[in-house]
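Below are the chains, spelled out letter by letter.
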Amino acid sequence: MRNSLLLLLTSFLILVPSSLRASAEEKPQEKPTEAESGKEAEKKAPEGPKKLTEADYGKWERLGQWGLSPDGTWLAYQVRRVDGENKLHLRAVKGDDKHEWKYATGQTFSNDNRWMAFRIGVSPKVKERMTKSRKPVRNKLGLHDLKSGKTEEFDDVAAVRLSEGGQFLLMRRYKPDGQKHQGVTAIVRDLKTGKDTPFGNVASASWMDDGALLAMVLDADGKVGNGVLVYDAASGRLHSLDTAKRSYSSMTWRKDAADLAILREREHAKDEDASFE
C-alpha cells in the first residue's frame, strides 16, 4: 500500500512539469510591431558619413606662414581658417611655453633672439562692419618679449621694420584720410631702453644692412621740407643728406656698405612729365 502511494506521487510530480512545459511551448510568441522593427533596424544599421554644414566648413584649417627664431629656440606659425578666425601661435622648441594671438600675421624675429614683432588685425565681422560704414580698417603692432613673455600692442601701425642687430624698431603710422602727400609719422624705438624718437612726413625708410643707420625720405605738404635724412639710432645723431622742393624715390642701400643711392626729381614745367636724376 505504501509502495503504491509513493509510485503515484512520483508519477504526478513528473507529469505536472511536463504538462506545464508543453503548455508554455504551445503558447504563441508576440510579433513586434512595424514601429518596433524599424527602431531595431535603426539601432543595428551602421551610421553613415556625417553631412557637413556651412559652419563645419568654416572650421577647416591650413598652415600659414611659419618660421624659427634665428637661434632655433622658438617656432612661430599661423593657423588659417576658412571663416577667417585665424591665429598666430608661438611655441618654445623645448619646454611647454606657448602663446597665441587671434587675427595676427606677418611675424618676424629680431636677430638678437629677444623680440618677435607681428601685425594684429580685426575679426571678419568687425572688418565687414567697418567696410560697410566706409571706415578704414587699421592694424595694430604686437611686440612680444621672448625673454619675459610679455606682449605690448601699438595702435594704428601700418608697417614695421627691425634693425639688423635687433635693438631698434621702426614703426610707420597710417596716412590720415584725405591727405595727398605720402609722408606719415614714424617712430624709432630703442628696445633696450624703451625710448621713442618720432619723425614727421616720412614717406619711406630703410635700415642699413649692418648697423643702426636709418635712411628716410621726407614728403611734406606742397613738397615744402622734402629731403633725405639719415638717422644714427645708436648715437641719436641726425644727418640731412639733401633737401629740395622735389620728390625723391627708389632709395637703396648698397649691400653690406654705408653707401646710399636715391633718385631726385628734376625741375620741370607743370605741363612736362617728371624725370629723375
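Residues numbered from 1 in each chain as written. Predicted model: local features only at pLDDT ≥ 70, side-chain atom pairs only at ≥ 80, totals over all residues. Heavy atoms only, no water.

Novice: I'd like to hear about the pairing of strand β3 (residues 87–92), residue by residue, with values.
Specialist: Bridge count for strand β2 (residues 74–81) against β3 is six bridges, and the pairing is antiparallel. If you follow Tyr-77 over to β3, its bridge partner there is His-89. Hairpin connection between β2 and β3: a loop of five residues separates the two successive antiparallel strands, and Gly-84 in this loop has a positive phi of roughly 85 degrees. Across five bridges, β3 lies against strand β4 (residues 98–102) in antiparallel orientation. Considered in β4, the bridge of His-89 is made with Glu-100. Linking β3 back to β4 in an antiparallel pair, the connection comprises five residues, with Gly-95 at a positive phi of about 105 degrees. (Pairing = 2+ DSSP bridges. Helix = DSSP H or I, 4+ residues; strand = E, 2+ residues; numbered from the N terminus.)

Novice: Give a detailed account of the environment of Thr-53, specifying residues and quantitative values.
Specialist: With respect to the element layout, Thr-53 can be found in the loop between α2 (34–44) and α3 (54–58). For Thr-53, a relative accessible area of 42% gives the class partly exposed. Among the polar contacts listed, one links the side chain of Thr-53 to the side chain of Asp-56, at a separation of 3.1 Å. (Buried < 20%, exposed > 50% of the residue type's maximum accessible area, 1.4 Å probe, protein only. Polar contact = N/O pair within 3.5 Å; in protein donor to acceptor, adjacent residues only side chain to side chain.)

Novice: Could you give me a rundown of the sheet that holds strand β12 (residues 196–207), with the residues and numbers involved?
Specialist: Strand order in this open sheet of seven strands is β9-β10-β11-β12-β13-β14-β15, and the pairing throughout is antiparallel. The strands lining the two open edges of the sheet, one partner per strand, are β9 (157–162) and β15 (237–243). Direction aside, the axes of adjacent strands within the sheet are offset by 40 degrees on average. The sheet contact formed by β9 and strand β10 (residues 168–173) spans five bridges and is antiparallel. Pairing of Leu-162 across the sheet is with Leu-169, part of β10. (Axes fitted to C-alpha atoms, helices over the stretch in contact; angles between N-to-C directions.)

Novice: An account of the side chain of His-181 is needed here, citing residue identities and associated values.
Specialist: Considering the arrangement of structural elements, one finds His-181 in the loop between β10 and β11 (184–190). Those residues in contact with His-181 that sit more than four places away from it in its chain are Lys-175, Asn-201, Asp-219, Ala-220 and Asp-221. (Contact = heavy atoms within 4.5 Å.)

Novice: An account of the pairing of β11 is needed here, citing residue identities and associated values.
Specialist: With six of its seven residues buried, β11 lies for the most part within the structure. Relative to β11, β10 runs antiparallel, the two being bridged by five bridges. Considered in β11, the bridge of Phe-168 is made with Asp-190.

Novice: So what's going on with the environment of Gln-167? Residues and values would help.
Specialist: Following the sequence through the fold, Gln-167 ends up in the loop between β9 and β10. Judged by relative accessible area, which is 26%, Gln-167 ranks as partly exposed. On a C-alpha basis, the gap between Gln-167 and Leu-191 in space is 5.4 Å, while along the polypeptide they are 24 residues apart.

Novice: Outline the side chain of Ser-163, supporting the account with residue identities and numerical values.
Specialist: When you line up the elements, Ser-163 lands in the loop between β9 and β10. Residue classification places Ser-163 among the buried positions, given a relative accessible area of 4%. Engagement of the side chain of Ser-163 in a polar contact is seen with the backbone nitrogen of Gln-167, the distance being 3.5 Å. Those residues in contact with Ser-163, other than ones at most four positions away along the chain, are Phe-168, Trp-207 and Gly-211.

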